[in-house]
Amino acid sequence: MGNTKSGIVSKEILEDLKLNTKFTETEITQWYDNFKKQCPTGRISKEEFERIYEKFFPESDAQTYAQHVFRSFDTNDDGTLDFKEYIIALHMTSTGKTTRKLEWAFSLFDVDKNGYITKSEVKEICAAIFKLIPKDELSALPSDENTAEKRADKLWTFFDKGDNDRVAEGEFIQGVMDNEDALRLIQYTPGK
Ligand SMILES: [Ca+2]
Ligand SMILES: [Ca+2]
């Protein structure tokens, strides 16, 4: 098995993806063909990833957010996204169950990857989310959410922790599941 250069997704990866996502073999194979066409090297660099985000957010500054998302997808920390990381990411962020999505959201907020989220990490991600929001939408935000700092403060209250405490993955997922506002505040949904 291992690496074939023929453009056919390796059997190992295929089995793994079928097991870990709800995608079918046909879907995975089609995406692999697409991925290979767009990305002949078989890997997406951080710069390429940033450019993809810039296209999705032409009105705002998506670079910082893209860097955080890239970090959360690059599970083996080698500075590139391979096909498997790309598909798992797609699965978790788009069609996965809510808990899967929240596990991903946790890894997005856990900037230093130490298994806990601190308030300063929440602030850092909220600042990146804020850069995604176009100016005309910023002015429409409620007064307790209209700066990155306020958004972070509000989000933090849902975890019932002191400013110097830290939040474990289970606590994060529970806090977000229990509060619709928290679910809204951990992400930015364009065009609202
Ligand atoms: Ca990687
Ligand atoms: Ca952390």
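Since this is a predicted model, take the numbers as computed values, not measurements.

So, how was this worked out
- The numbering scheme is per chain: residues are counted from 1 as the chain's sequence reads.
- Chains and ligands are labelled by the order in which they are written, letters from A for the one and numbers from 1 for the other.
- Restriction of local features to residues with pLDDT of at least 70 applies here, the model being predicted, together with a cutoff of 80 or more for giving and counting side-chain atom pairs; totals for whole chains, interfaces and linings are based on all residues.
- Residue ranges labeled as domains rest on an automatic or database domain assignment.
- Helix and strand assignments follow DSSP, with helices taken as H or I runs no shorter than four residues and strands as E runs no shorter than two, numbered in order from the N terminus.
- Lys, Arg, Asp and Glu make up the charged group, whereas Ala, Val, Leu, Ile, Met, Phe, Trp, Tyr, Cys and Pro make up the nonpolar group; the residues left over, Gly among them, are polar.
- Any residue surrounded by 20 or more other C-beta atoms within 10 Å of its C-beta is treated as buried, while 12 or fewer makes it exposed and the intermediate range makes it partly exposed; C-beta atoms here are placed from the backbone.
- Here the arc refers to the set of directions running from the helix axis out to each C-beta atom.
- Two residues form a contact once the distance between their C-beta atoms, set from the backbone, is within 7 Å.

(A) Expanded view of the domain arrangement of the protein. Domain annotation of the protein identifies domain 1 (12-96) and domain 2 (98-192). One C-alpha centre belongs to domain 1, the other to domain 2, and the line joining them spans 22 Å. Broken down by secondary-structure element, the contributors of at least two residues to the side of domain 1 that touches domain 2 are α4 (63-73) and α5 (83-95). The element that contributes the greatest number of residues to the side of domain 1 that touches domain 2 is α4, accounting for five residues. Broken down by class, the residue content of the side of domain 1 that touches domain 2 amounts to five nonpolar, six polar and two charged.

(B) The arrangement of helix α9 (residues 148-157) in detail. Of the positions making up α9, those classed as buried are R151, A152, L155 and W156. Projected onto a plane normal to the axis of α9, the buried residues spread over an arc of 130° and lie on a single side. Away from its buried face by more than 90 degrees, α9 exposes E149 and T157. Those residues of α9 that are buried lie in contact with α7 (119-132) and α11 (180-185).

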